[in-house]
Each structure stands twice: as structure tokens, then as C-alpha cells.
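Summary of structural features
Listed here are the chains, written in short residue letters.
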Amino acid sequence: MYSIHPVVKRYAWGSYTRLQTMFASQLTAQAESSSLAEGVGKSSEGEERFSSGVIQKSQTESSTDRGEIAFADMPSTRGPVASAADAPIAEMWFSGHAQWPSQVDLDLRQADGELSKDKRHKWNRALARLHHSRVPGHAESGNLDVSMALTDLIRADPEDMLGARCSDKFGPVLPYLLKVISARIPLSLQVHPIDFQARAGFNAENAYHVPMDAPERSFKDAVAKNEMVVALEPFEASVGFATPAFMLSNLTLVDHPLAGRMVEALTPQAHHGMHVVDGMYGMFNVLAQNQEPTDEDFAQADALMPIASAVWQPSHKRIFRAFYTAVAAGHVEGLRKALQKAASEVSDERSQLAFHHALAAEEAFPGDPSVLALLMMNPLELQEGESVFIPAGTPHAYIHGTGVEIMTNSDNVLRAGMTVKHKDIPDFLQSLDCVSSLPVDPSVSWMADWGAMFGDRVIYRPKIDEFMLSYGRVGAGQHPWEMMERLSRRYGRLMTKVSLNNRHFGPRIVVCVEGAVKVVCSRESRILHQGEAVFVPAADGRVQLESDGEAGTFIMASTQV
């Protein structure tokens, strides 16, 4: 196993304390070491980075021009800060992404004091490409500390690092990207491209020679991005489209011309001009709900519908029109007052949460019309251990909280609002899934077979090959984990007794998020303290997570192949 160091992402919406506390040891080590880099590679986002232990800034643009890091003077932030060291931290990436790979430490000594000739040869080849010195033999090794990018380590020996099945399916790349994120204020309203659009967009921007670090670049790779979030503490988000009835019940309360226009877009043509009572369209019958909208006033929206809209139900087209109305409008006045008045009239808890999200977004981005789109979406308030899976094409916005995010190995984000970054509304709309549905909860919520000895674990296994995630606790003695008790009440019979031993031998990343965790595999064992992490290659075999006398919580990412 290899110690792995996170790539630190500093954005204006990030935390001033949460991630700084959780990863204090990693941040201290990176600040003191000239061999570790924060954000190795070219910047696709223009954030601050360490280089040889000194903070440097991307030279492509100033931070205030692009507003993408802590120095951006955004509403609801503390304003410009004195230095990058004081800037909020938004994300910690444990990454095998080509543009922002994590650094891993090479262990130059095995238990017998020597590297195998085969491994030394492979590392030498990888290091030679990076202009490093050769990996020394046992007599030379001493205390030499050598690190390399995780991407290079995997390419040097993909079968050993990933396993034959994973390497055959995905090639010599880690198929997932693991992040710990903390949002102090709302993030952008965004969607991730579906597979063919990711490929087409990436190749098109390459053909037009759009630089990878250009602020107007939308596609950083050719990979569709599906992602999942597990809350480490209360975590709020708006995910996917709610039912048309929910949308209308919210929007009809907002006394603003733009909201009225969105109601018009959502209303079946036969009922335009009808009086709405309490925001409910009880008079709509099934025929009316599926009547084809023909209002020529929405021709501009219709022209941007994706090819798939040819087989959409009429209700999906109405949702598209209403969403387009919100994100395509320019700066609007009077929106906060209208939202506050409407929020005071809401009694339904779900609608109250939706208005809470919209008001938080409007406070962060005054006059941004896209905040009204949050009233069309499912509002979520996840408690610790609860999760949501977000397939490519699903609109979403994170509002507040700290969680673990795992996704396919992609950095593709298409934004439509609530941001000072580049907005790509046409490509956003081309990927948009307008189906109304409840968010997907991928947790299997398994409890450990050995209870007090090894702690409890929840496993999150969405229907995707690239990744799965475990969140667990060790060393708790006889004290029950409140989170597990709550999930047990929620899932009831779905709770199953299983062994804590992980029989999956693919590439794994283990992060200690609190206390201490002992990671044991066939080759060695290691104790991780809060904020520390290891990359465990497939060749290390089964992993056991144990207590070394101290309680601890962990996350472990892996693949499903």
C-alpha cells in the first residue's frame, strides 16, 4: 500500500475550518515538503497551488477576473483574504485524473528490506519519464523519500495496481475519482455530460484548439460523469426534477414575472389563462397532462432541446421550457423579496426546504434568475451516512454541508447558473434529463458481522461498474453507532449481517476521517490517523480495517469489477 496525498482545491464556496481540521496533517506536510505539490499539472480551474512548497497562481488569468478561488470577491464570503493559506478549502481530491493526479509515496523497502527487481525496474521506467533519479537498491536506499503521481504509478504496472479485470475493462487508469468536499455557500447549478456528449464535446474543443486551462473550456476529458455523495454531516442539495405538481405549487406562490413565465411554460396549453387555486391544478386530467404544448413563444427553448426530445413526453418538454426560462434570463430585480414572501406562505416541509435552498442561492448570487430552477427540483437534506446517486444528465446544486463524493474519473462540469465561472447553457441543455423522479439512494446499509470488535460499515453500491464506497467505524467498543441505528430504523429488513472483511481485490483508497484506523492487507499493515490516506493496489489482496485501540471512522473507495 502507498501513502496518498490529496490535491487541494480552493474555491470561494469552500470551508474555512472543516477540511482544514480534518486534513491538518496532510496540509502541514504539503506546506513543509518541497516534494509534494498541491495541484500538480496545469490548472483547469485557476486555483492556487503549491509548487516546491511555495504557493503560486495560475498565470492564465487573475483570480478576481475568474472568481474561482478564495480571492474572488463573491457575496456571502468573507471578502478577499490575505493569502492562499487563509483561503477556504472546498475539495480534497484523491485523484487518478490525468490533469490533477494525487502524489503517492514509494516505499523503497519491503518487509525483507529489498524491492523486487521487477518492481524496481517498473518504477525506474516511470521515474525516468518524470526526470527523477533511479530507484536505489537496498544498500543505497537509506531514508530517501520518493513520490510520483498516482497516474504514473498505475501506468507503470496496471495489472498489479488495478487488477486484471479492472485493467482490461477501463485501461491503465483509476476508474473513479474520490473527493471530500465542504460547501459553506451554494455551488453552481450544474449537470454532467452523458457519454456521447462528453466524447463529442471533448473532441470538438480539441479540434478548435481550446486550451485545457481556458476558462471557456467545458470538456476536460471524454468521460461521462456519474457521481454519488455520502453525507459526513447534514448535507443539503437540490437533485433532479420533482413532479410538475410540486413545481407549480412552488412557482405559483412567487409573485415575480419570471416565475409567472415558468408557470406558463409548465401549464398544458388547454389550461393557459385558467385561475390557479393554492398553486394546485386539480382540474388537470390525464389527457390534459399529456397534451402537446404548441406555444410559439417558447420556440427559442424548443430549438435547444436535445435530439432525444423527439421521443419525450409532452410533460418533459414543458419541464425543459420552464427550466430554460429560468437559466436563460438575464439579471432580474426583486427576486429575493418575492421568494421571501412566498416562503412565508409555505406550510409543506418539502416546499419549505426548496425555498430555503432558493433563498440561500439568491443570497450568494443576487439577481441570478437560475435560483428559481431550484423550486423545480427535489430538495434534499441528508443526515450522516445518507446518500444520493446523481447519474450524468441530472441537474443538481449542492447547497451546504460536508460529504464524500465519488464519481467516474472525470472533471466535466456544465454550468447554467449560480456561478461566476463559465456558463455553457447550450451544452448543459443538450445533456439535461427532464424526467421527474425521486433521487436515487444507492446505500445497501450493511452492518458488520463482528459488531464491537470491528465496528460498523455502510456500503454504497450504485448500478455502475466504476465505483462503490464504504463508510464505517472501528474500535467503538459496546457503544452503538447512532448513524447505524438511524439507518437500521430507516431501512428495516434491508439491513443485512455481513463480514467486515472486504473480498474485493480491485484498486482501493482508504481515508481516515476521524480518530485512527488500522489498515491490514496481505503484505503489510499501517495505522492511519485523521486526514491520512493510502492507496491499496489490487495485488495487496484482501483489506481488513481494524482498531488499534482508538476509535476511528473511515471511507474506502473501490470499483465493482
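Overview of the pattern of salt bridges
Working definition: two side chains of opposite charge can pair if their charged atoms are close together. Summed over the entire model, instances satisfying the criterion amount to twelve salt bridges. Taking the shortest distance from any N to any O, the salt bridge between Asp160 and Arg523 comes out at 3.8 Å. Here Arg523 lies in the loop between strand 20 (508–520) and strand 21 (525–529) and Asp160 lies in helix 7 (residues 158–162), a separation of 363 residues in the sequence. Looking at Arg523, the relative accessible area reads 42%, which means it is partly exposed. As a salt-bridge pair, Asp302 and Arg321 come within 2.8 Å of each other at their nearest N and O atoms.

Looking at the environment of Phe389
As for its placement among the helices and strands, Phe389 is situated in strand 13 (residues 387–390). The spacing of Phe389 and Tyr460 is 71 residues in sequence and 9.4 Å in space, taken between C-alpha atoms. Phe389 has contacts with Asn226, Glu227, Met228, Val440, Pro442, Pro462, Ile464 and Phe467, leaving out every residue within four places of it along the chain.

Some points on helix 10 (residues 244–251)
Burial analysis of helix 10 places six of its eight residues in the buried class, which makes it a mostly covered element. Burial in helix 10 covers these residues: Phe246, Met247, Leu248, Ser249, Asn250 and Leu251. Taken together, the buried residues of helix 10 touch strand 11 (235–241), helix 11 (257–266), helix 14 (314–328), helix 16 (349–364) and strand 12 (377–382).

Notes on unusual backbone geometry
Backbone geometry at His209 places phi at a positive 60°, although glycine is not the residue there. Looking at where His209 falls in the secondary structure, it is placed in the loop between helix 9 (195–207) and strand 10 (227–231). On the basis of relative accessible area, His209 is assigned to the exposed category, the value being 69%. In this structure, Met418 takes a positive phi of about 55° despite not being glycine.

A short note on the packing of aromatic side chains
The tally for this structure, following the rule as stated, stands at seven aromatic pairs. Among the aromatic side chains, those forming a connected cluster through ring pairs are Phe241, Phe323 and Phe428. Looking at Lys9, its charged tip hangs above the ring of Trp93, at a distance of 4.3 Å from the centre. Directly above the ring of Trp100 sits Lys9, whose terminal nitrogen or CZ lies 3.7 Å from the centroid.

Some points on the side chain of Ser95
Within the secondary structure layout, Ser95 lies in the loop between strand 5 (91–94) and strand 6 (103–106). With relative accessibility at 0%, the residue Ser95 sits in the buried group. Only 2.9 Å separates the side chain of Ser95 from the backbone nitrogen of His97, close enough to count as a polar contact. At 2.6 Å, the side chain of Ser95 forms a polar contact with the backbone oxygen of Trp100. Apart from residues lying up to four places away in sequence, Ser95 is in contact with Trp100, Pro101, Ser102, Leu150 and Leu177.

Observations regarding the packing of helix 10 against helix 16
Angle between the axes and distance between the axes are the two parameters that describe a pair of packed helices. Here helix 10 crosses helix 16 at 65°, and the two axes come no closer than 11 Å. Handedness of the helix 10/helix 16 crossing: right-handed. Where helix 10 approaches helix 16, its residues Phe246, Ser249 and Asn250 are matched on the opposing element by Arg350, Ser351, Ala354 and Phe355.

A look at the pairing of strand 24 (residues 552–558)
Burial of strand 24 is extensive: seven of the seven residues sit out of reach of the surface. Of the two faces of strand 24, the one carrying Gly552, Phe554, Met556 and Ser558 and the one carrying Thr553, Ile555 and Ala557 are both buried. Here strand 18 (residues 468–474) pairs with strand 24 via seven bridges, running antiparallel. Residue pairing for strand 24: Leu469 is matched across the bridge by Ala557.

Some thoughts on the environment of Gln26
With respect to the helices and strands, the residue Gln26 is situated in helix 2 (residues 24–32). Residue classification places Gln26 among the buried positions, given a relative accessible area of 5%. Residues Gln26 and Ala533 lie 507 residues apart in sequence; the distance between their C-alpha atoms is 9.2 Å. Setting aside anything within four residues of it in sequence, one finds Gln26 in contact with Ile4, His5, Pro6, Gly531, Glu532 and Ala533. In this structure the side chain of Gln26 is engaged in a polar contact, spanning 3.2 Å, whose partner is the backbone oxygen of Gly531.

Quick word on the packing of helix 11 against helix 14
Axis separation between helix 11 and helix 14 bottoms out at 7 Å; the angle between their running directions is 165°. With respect to their mutual orientation, helix 11 and helix 14 come out roughly antiparallel. Helix-helix and strand crossings are classified by hand; for helix 11 and helix 14 the assignment is right-handed. Of the residues in helix 14, those touching helix 11 at Leu258, Arg261, Met262, Ala265 and Leu266 are Arg318, Ile319, Arg321, Ala322, Thr325 and Ala326. Looking at the contact of helix 11 with helix 14 residue by residue, the classes come out as seven nonpolar, one polar and three charged.

Considerations on the pairing of strand 20
When strand 20 meets strand 22 (residues 533–536), the two strands line up antiparallel, connected through four bridges. Paired with Ile509 across the two strands is Phe535, which belongs to strand 22. Relative to strand 24, strand 20 runs antiparallel, the two being bridged by six bridges. Across the sheet, residue Glu514 finds its bridge partner in strand 24, namely Thr553. Direction of pairing for strand 20 relative to strand 21: antiparallel, over a ladder of five bridges. Within strand 21, the position partnered with Val519 by the bridge is Arg526. Counting the residues that bridge the hairpin from strand 20 to strand 21 gives four residues. Relative to strand 23 (residues 544–546), strand 20 is paired through three bridges, and the arrangement is antiparallel. Considered in strand 23, the bridge of Val519 is made with Leu545.

Some details on helix 9
Over its 13 residues, helix 9 extends 18 Å from the first C-alpha to the last, a length consistent with the 18 Å expected when each residue adds 1.5 Å. Of all the positions in helix 9, only Gln197, Ala198, Gly201, Phe202 and Glu205 are classed as buried. Considered in projection along helix 9, the buried side chains sweep an arc of 125° and stay on one side of the axis. In the segment just after helix 9, His209 is the residue with positive phi, at about 60°.

A look at the confidence of the model for the protein
Scored by pLDDT, the protein has a mean of 80; 73% of the residues are at 70 or more. Confidence, expressed as mean pLDDT per element, reaches its minimum in the protein at strand 4 (residues 54–56) with 28 and its maximum at strand 8 (residues 176–183) with 98. In the model, residues 445–455 has pLDDT below 50 throughout and makes 42 contacts with residues more than four positions away in sequence or in other chains. Counting interchain partners and residues more than four positions distant, the pLDDT-below-50 stretch residues 493–502 has 32 contacts.

Thresholds applied
Residues numbered from 1 in each chain as written. Predicted model: local features only at pLDDT ≥ 70, side-chain atom pairs only at ≥ 80, totals over all residues. Heavy atoms only, no water. Salt bridge = Lys/Arg side-chain N within 4 Å of Asp/Glu carboxyl O. Helix = DSSP H or I, 4+ residues; strand = E, 2+ residues; numbered from the N terminus. Buried < 20%, exposed > 50% of the residue type's maximum accessible area, 1.4 Å probe, protein only. Contact = heavy atoms within 4.5 Å. Phe/Tyr/Trp six-rings, centres within 6.5 Å; stacked < 30°, edge-to-face > 60°. Lys NZ or Arg CZ within 6 Å of the ring centre and 35° of its normal. Polar contact = N/O pair within 3.5 Å; in protein donor to acceptor, adjacent residues only side chain to side chain. Axes fitted to C-alpha atoms, helices over the stretch in contact; angles between N-to-C directions. Left-handed = near helix turned anticlockwise from the far one by under 90°. Pairing = 2+ DSSP bridges. Parallel < 35°, antiparallel > 145°, perpendicular 65-115°, else oblique. Nonpolar A, V, L, I, M, F, W, Y, C, P; charged D, E, K, R; others polar. Expected span 1.5 Å × (residues − 1). Arc of directions from axis to C-beta. pLDDT = per-residue confidence, 0-100.

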